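# Analysis of the macromolecular model
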Amino acid sequence: MTGVSGFAARTGHERPEELTADRPAQVAQAWESLRQIRRITQAEEPELPAPWERNRPVQAVGLALEAMGVDFAGVDGQGTVVASGVRLSEERQGVVRAEWVSRRGERPADAGEARLGEAAEAAGRAGWDALLYRAGRSRYLLIEPGRAT
């Protein structure tokens, strides 16, 4: 999770052992810094994603969801899910897809819909719009920057 650039937002593609004990403090500091960027760059709408976030939506949504306490998936070295949680990917330019992935044998009866609902609420509190989609047995969110009202 750390490297040349330091902090990296979670996406659900990380190995759990890469997370350190000081991760919660790092997330809180990164989230507060991002909120400061919002206040400085768009004082009239500080509750909405800033240009930096709009240009890096997967990372920005990852930071927002982690700061709001959403559980993320974890994978092992072969990419097998070892911790159930949200996994993020870019659906298309500026739109993030969030799906609930489960460890083998732990698939919830509702296909993760309740947990995705929690993620949608968290995204909303962080200034993002999230819409739940149902496709057969699959459930996923599409998340994009919120709009001014």
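Heads up: these notes are all about the structure in this document. (Residues numbered from 1 in each chain as written. Predicted model: local features only at pLDDT ≥ 70, side-chain atom pairs only at ≥ 80, totals over all residues. Heavy atoms only, no water.)

### Regarding the sheet that holds strand 4 (residues 95–101)
Just so we agree on the cut-off: Each pair of strands is called paired provided DSSP finds at least two bridges between the two strands. What counts as a helix is a DSSP run of H or I of at least four residues, what counts as a strand is a run of E of at least two, and both are numbered from the N terminus. Fitted lines through C-alpha atoms give the axes, limited to the stretch in contact for helices. The angle between two N-to-C directions lies from 0 to 180 degrees.
The sheet built from four strands is open, its strands ordered 3-4-6-5 with antiparallel pairing. What marks the edges here is a single partner per strand, and that holds for strand 3 (85–92) and strand 5 (128–135). On average, adjacent strands in this sheet sit at an angle of 30° to one another, irrespective of strand direction. Two strands pair when backbone bridges link them, and strand 5 and strand 6 (residues 138–145) are joined in this way by eight bridges, in the antiparallel orientation. If you follow Leu-132 over to strand 6, its bridge partner there is Leu-141.

### Considering the packing of aromatic side chains
This is how it is decided: Only centres within 6.5 Å qualify two rings of Phe, Tyr or Trp (six-membered ring in Trp) as a pair; their planes then separate them into stacked at under 30 degrees, edge-to-face at over 60, and tilted for everything else. Burial classes follow relative accessibility: with a 1.4 Å probe on protein chains only, a residue under 20% of its type's maximum area counts as buried, one over 50% as exposed, and anything between as partly exposed. Over a ring means this: the NZ of a Lys or the CZ of an Arg is within 6 Å of the ring centre and within 35 degrees of the ring normal.
Under the counting rule described, the total for this entry stands at one aromatic pair. Look at Tyr-133 and Tyr-140: their rings are 5.4 Å apart centre to centre, the planes differ by 10°, and that puts the pair in the stacked class. Judged by its relative accessible area of 14%, Tyr-140 is buried. Sitting above the plane of the Tyr-140 ring, Arg-97 keeps its charged end 3.7 Å from the centroid.

Read these as spatial facts, not as claims about activity.
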